[in-house]
Amino acid sequence: GLVEISKRLKTLKSICVTEDTAAALGHMFEAAKKDGITLAVTSGYRSPEAQKTLFLYWQRIEGVQALKEVAPPGFSEHQTGTAVDLTGPSTGYSSVADDFGNTPEWRWLAKNAYTYGFVQSYLDRVGGEYVVEPWHYRYIGPALAVTLYSLGISYNEYIQQQNLLPIAPQVGAADISAPHVVV
């Protein structure tokens, strides 16, 4: 089940994640604080309805490019309750700040998040599934996170290499407004 974390951790609003994710976030935030780093959560679980609203909003603004920036409903890691968007004081606690990848907070996460079971979901890859999101982390547990960190691959790349379930639908430009895209 999901738990609300705003009374336990620094968040910018009421946010829910799974209990395991909340516990790991707590440990990670404590370790970061000991190293002089302050982290906050800007987003966690999203319902399918919220994801649909977000997707349609960005689709109207950015057209086809939205397919590289926002997952369609049913394909967002946020719908698992294990994904969070993080921020810190270096970006003024901005949500999804492009410059987060140049901050002390991100550098700390890049070096340490995996030890708490978190991986950055969308890495800097040519032809990557989505644009780079230095703020977006998913809890997958310490054992798998350590493995992926040592291999230098994302969780989605691992899933694809293992021939497991597809991560996102194959949608072309002609399909962007098709009803099946926004199920």
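In short, a report on the structure. (Residues numbered from 1 in each chain as written. Predicted model: local features only at pLDDT ≥ 70, side-chain atom pairs only at ≥ 80, totals over all residues. Heavy atoms only, no water.)

1. A look at the overall build of the protein chain
Inference 1: Looking only at helices and strands, one finds 5 helices and 6 strands in the protein chain.
Inference 2: Put simply, the protein chain runs from its N terminus to its C terminus through helices and strands in the order β-β-α-β-α-β-α-β-β-α-α.
Inference 3: Going through the 183 residues of the protein chain one by one, you find that 46% of them count as buried.
Inference 4: Partitioning the intrachain contacts of the protein chain with sequence separation of at least 6 by distance along the chain shows that 62% fall at a separation of at least 24.
Inference 5: Put simply, the protein chain shows about 9,400 Å² of open surface, and 55% of that area lies on carbon and sulfur atoms. (Helix = DSSP H or I, 4+ residues; strand = E, 2+ residues; numbered from the N terminus. Buried < 20%, exposed > 50% of the residue type's maximum accessible area, 1.4 Å probe, protein only. Contact = heavy atoms within 4.5 Å. Areas by Shrake-Rupley, 256 points an atom, 1.4 Å probe, with all protein chains shown as cover.)

2. A look at the packing of aromatic side chains
Inference 1: All told, the structure shown has 4 aromatic pairs when counted by the stated rule.
Inference 2: Between the NZ or CZ atom of K10 and the centre of the ring of Y93, over which it lies, the distance is 4.8 Å. (Phe/Tyr/Trp six-rings, centres within 6.5 Å; stacked < 30°, edge-to-face > 60°. Lys NZ or Arg CZ within 6 Å of the ring centre and 35° of its normal.)

3. Let's talk about the pattern of salt bridges
Inference 1: As enumerated under the stated definition, the model contains 3 salt bridges in all.
Inference 2: Here R46 ties to D85 by a salt bridge, and the two come within 3.6 Å at their closest N and O atoms. Within this pair, whereas R46 is found in the loop between strand 3 (40-43) and helix 2 (48-62), its partner D85 is found in strand 4 (residues 83-87), the two being separated by 39 residues in sequence. The burial state of R46 is the same as that of D85; both residues are buried.
Inference 3: Between E77 and R138 there is a salt bridge, with its nearest N and O atoms 3.4 Å apart. With E77 in the loop between helix 2 and strand 4 and R138 in strand 6 (residues 136-139), this residue pair connects regions lying 61 residues apart in the sequence. Taken as a pair, E77 and R138 share a single burial class, namely buried. (Salt bridge = Lys/Arg side-chain N within 4 Å of Asp/Glu carboxyl O.)

4. Regarding the side chain of T18
Inference 1: Relative to the assigned elements, T18 resides in strand 2 (residues 16-18).
Inference 2: Sequence-distant contacts of T18, defined by excluding residues within four places in its chain, comprise G1, L2, V3, T80, G81 and T82.

5. Examining the nonpolar core
Inference 1: Core analysis: the largest hydrophobic core is formed by 25 residues, its most contacted members being I5, L25, M28, L86, L109 and F118.
Inference 2: Broken down by element, this core gets its largest block of residues, 7 residues, from helix 1 (residues 19-34).
Inference 3: Those residues within four positions of L86 in sequence are excluded, and the remaining contacts are L25, M28, F29, A40, V41, T42, F100, L109, W135 and Y137.
Inference 4: Counting residues in each nonpolar core, the second largest holds 8 residues, with Y114, A145, L148 and I153 among its members. (Core = buried A, V, L, I, M, F, W, Y, C linked by side-chain atoms within 4.5 Å.)

6. Some details on the sheet that holds strand 6
Inference 1: Strand order in the open sheet made by the 4 strands is 3-4-6-5, with antiparallel pairing throughout. The two strands at the open ends of the sheet, each matched to only one other strand, are strand 3 and strand 5 (118-120). On average, adjacent strands in this sheet sit at an angle of 45 degrees to one another, irrespective of strand direction.
Inference 2: In the sheet, strand 4 pairs with strand 6 via 3 bridges, with the strands oriented antiparallel. What sits directly across from V84, in strand 6, is Y137. (Pairing = 2+ DSSP bridges. Axes fitted to C-alpha atoms, helices over the stretch in contact; angles between N-to-C directions.)

7. Side note on the environment of A31
Inference 1: For A31, the position within the fold is in helix 1.
Inference 2: Sequence-wise, A31 and A113 are 82 residues apart; in three dimensions their C-alpha atoms are separated by 10.0 Å.
Inference 3: Dropping the residues within four chain positions of it, A31 is found in contact with W108 and Y116.

8. Topic: helix 2
Inference 1: The terminal C-alpha atoms of helix 2 lie 21 Å apart, and with 15 residues this matches the ideal 21 Å at 1.5 Å per residue to within 8%.
Inference 2: Every buried residue belonging to helix 2 is among Q51, F55 and Q59, and all of these are buried. Buried residues of helix 2 fall within an arc of 70 degrees about the axis and therefore sit on the same side. Of the exposed residues in helix 2, those oriented more than 90 degrees away from the buried face are E49, T53 and R60. (Expected span 1.5 Å × (residues − 1). Arc of directions from axis to C-beta.)

9. Considering the environment of L56
Inference 1: With respect to the element layout, L56 can be found in helix 2.
Inference 2: Separated by 17 residues in sequence, L56 and P73 have C-alpha atoms that sit 9.7 Å apart.

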